[in-house]
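# A look at the structure
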Amino acid sequence: MSEAPGIGGATVAAPGRDRKFWFVQLADGISRTNFATLLYSAFTAIGLLAFVSVSTPYILNVYLKIPTAEQGQIAGDLAAWNEAALLLVFGPAGILADRIGRSQVFTVGFIFMGIGYALYPFADSLPQLTAYRVVYAVGIGLATAMLQTISADYPDNVSRGKATALIGTLNGLGVIVLTVGLGGLMKGFVARGQNPETAGYLAHFLVASLCFISAAVVAAGLKKGTLVSREERLPLGQLVRSGFAAARNPRIALAYACAFIARGDLVVIGTFVNLWGTNAGMEAGMDPAEATAQGRLLFGAATGAGLLWLPVMGYMLDKVNRVTGTLICMSLAALGFLFTDLVDDPLAKESLIFFVL
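Residue positions are given per chain, counting from 1 as you read along its sequence in written order. Where local features are concerned, this predicted model is filtered to residues with pLDDT of at least 70; where side-chain atom pairs are given and counted, the filter is 80 or more; whole-chain, interface and lining totals use all residues. By convention in this description, side-chain values take in all heavy atoms of the structure and omit both hydrogens and water.

### Overview of the overall build of the protein
Just so we agree on the cut-off: A helix here means a DSSP run of H or I that spans at least four residues, while a strand means a run of E at least two residues long, and both kinds are numbered starting from the N terminus. Burial here depends on accessible area, computed with a 1.4 Å probe over protein chains only, as a share of the maximum for the residue type. Under 20% is buried, over 50% is exposed, and the range in between is partly exposed. Any two residues whose heavy atoms approach within 4.5 Å are treated as being in contact. Only the protein chains shown count as cover for residues, and all accessible areas are computed by the Shrake-Rupley method using a 1.4 Å probe. In this count, Lys and Arg are taken as positive residues and Asp and Glu as negative ones, while His and the chain termini are left out. Positions of charges follow a simple convention, taking NZ of Lys, CZ of Arg, CG of Asp or CD of Glu.
Counting its regular elements, the protein contains 12 helices and four strands. On the principal axes, the C-alpha backbone points of the protein span a range of 65 × 45 × 40 Å. Split into buried and exposed, the 357 residues of the protein put 44% on the buried side. In the protein, once contacts between residues fewer than 6 apart in sequence are set aside, the share between residues at least 24 apart is 75%. Carbon and sulfur atoms make up 67% of the accessible area of the protein, which totals about 17400 Å². In the protein, the 24 positive side-chain charges and the 22 negative ones have mean positions that sit 12 Å from each other.

### Observations regarding a nonpolar patch on the surface
For clarity, the threshold we go by: For patch detection, residues must exceed 30% relative accessible area and be free of salt bridges, and they are connected within 9 Å for like charges or within 5 Å for nonpolar side chains (Val, Leu, Ile, Met, Phe, Trp, Tyr). Salt bridge, as applied in this entry: a Lys or Arg side-chain nitrogen positioned within 4 Å of an Asp or Glu carboxyl oxygen.
Judged by side-chain polarity, Leu335, Leu338, Phe339, Leu342 and Leu357 come together as a nonpolar surface patch covering roughly 460 Å² of accessible area. In this fold, phenylalanine 339 is placed in the loop between α11 (322-338) and α12 (352-356).

### Here's the deal with helix α9 (residues 250-283)
What counts is decided by this rule: Expected helix span is given by 1.5 Å per residue-to-residue step, counting one fewer step than there are residues. Note on bend: at a given residue it equals the angle between the axes fitted to the 7 residues ending there and to the 7 starting there. For the purposes of these results, a polar contact is taken to be a pair of N or O atoms within 3.5 Å, where, inside protein, one atom must be able to donate a hydrogen and its partner to accept one; residues adjacent in sequence count only when each atom of the pair is a side-chain atom.
Taking 1.5 Å per residue, 34 residues should reach 50 Å; α9 reaches 48 Å between its end C-alpha atoms and fits that length. Within α9, the axis deviates most sharply at phenylalanine 272, by approximately 25°. Two to three positions downstream of the cap, the backbone nitrogen of arginine 251 sits 2.9 Å from a side-chain oxygen, assigning the N-cap of α9 to asparagine 249. Positive backbone phi, approximately 100°, marks glycine 285, located one or two places after α9.

### Thoughts on the confidence of the model for the protein
Applied cut-off: Values of pLDDT, which run from 0 to 100, indicate the predictor's confidence residue by residue.
For the protein, the mean per-residue pLDDT works out to 88, and 92% of the residues sit at or above 70. Per-residue pLDDT stays below 50 along residues 1-17; that stretch engages in 30 contacts with residues further than four places along the chain or on separate chains.

### Some points on the side chain of histidine 204
Locating histidine 204 in the fold gives a position in helix α7 (residues 196-221). From its side chain, histidine 204 meets the backbone oxygen of glycine 200 in a polar contact 2.8 Å long. With residues near it in sequence (within four places) discarded, histidine 204 still touches Phe51, Ser55, Ile59, Tyr117, Tyr120 and Pro121.

### Brief notes about the nonpolar core
The condition that has to hold: Put simply, a nonpolar core is a bunch of buried Ala, Val, Leu, Ile, Met, Phe, Trp, Tyr and Cys residues held in one set by side-chain atoms that sit within 4.5 Å of each other.
Grouped together as the largest cluster of nonpolar side chains are 69 residues, with contacts concentrated most on Phe35, Leu48, Phe106, Phe110, Met113, Tyr117 and Leu129. Counting residues per element, the ones that place at least two in this core are α1 (32-63), α2 (68-100), α3 (102-119), α4 (126-153), α5 (160-183), α6 (185-191), α7 and α10 (288-319). Tallying contributions element by element places α1 first for this core, with 17 residues. Those residues within four positions of phenylalanine 106 in sequence are excluded, and the remaining contacts are Ser41, Ala143, Met146, Leu147, Ile150, Val218 and Leu222.

Structure (structure tokens):
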């Protein structure tokens, strides 16, 4: 296959030739390097953003000394500010991506994430912690918006489903590997003789460094420039009106409702599962670093179960009506949340099945 110089020095396949990365057919003008960088960002972006669910209980216990009974409300408030910031960021992120390019916006997203993580353990009050959480949220808003955008841009239409499955798999692996791995940093530093405060600083600095490294990778590896011509851009008002108009279709309305609920489910799991496990560990006499390491295993179990379930879910959706598949999925999710009422000790081995469900 012949290749020609592309924008920013990257090589792109010559028009009309076979352009593939493994089993994924690539869109015009997209090089293997561009797609490999997309896969790297799919692994790191979601995994790095998930670390906040591990670090927040540590910050509340070690630095701010918040009583356990108050931590649930505070964690919920932080998550609410996080989601509010995301809502404000997504729209401008899309506009900027069309004006200055996806790679630039993605790079800035990773930089904001790194700044947020670097500042997080230095908060000496809840307002400061909230402000640093908003900085982090701006970063993940920019990064995740660009991840979704380039995931649609880079594969050719004939390979979009395969590319989505591959990217989704790397998302899940990133959450498991990075959350479980990075979540044990504080425990590792304490075991090497650091006090809990220093261990927290070192862990957050390391995670921030990974964000900055990822910013450099996406800046160098993603396609420069914009992939959408000015004539193809629709005004934001027209997009919003068409979105509401589409909800007249009951299936699209159901899709909107599922997105609304599923996002809430993810926030609840990410916010409270780690906190529950961490506090249970501290009540059992563990130090904050060890308790945090235990709490992140529950989140890892839930995420890992979701990753293993994806092939089953994909096969099932090809065999049943999509609405029926949706009902099955939402029923399983409802059972999973309802059965947590049966959990007395989240760290007990017999409780693991409820987090898997």
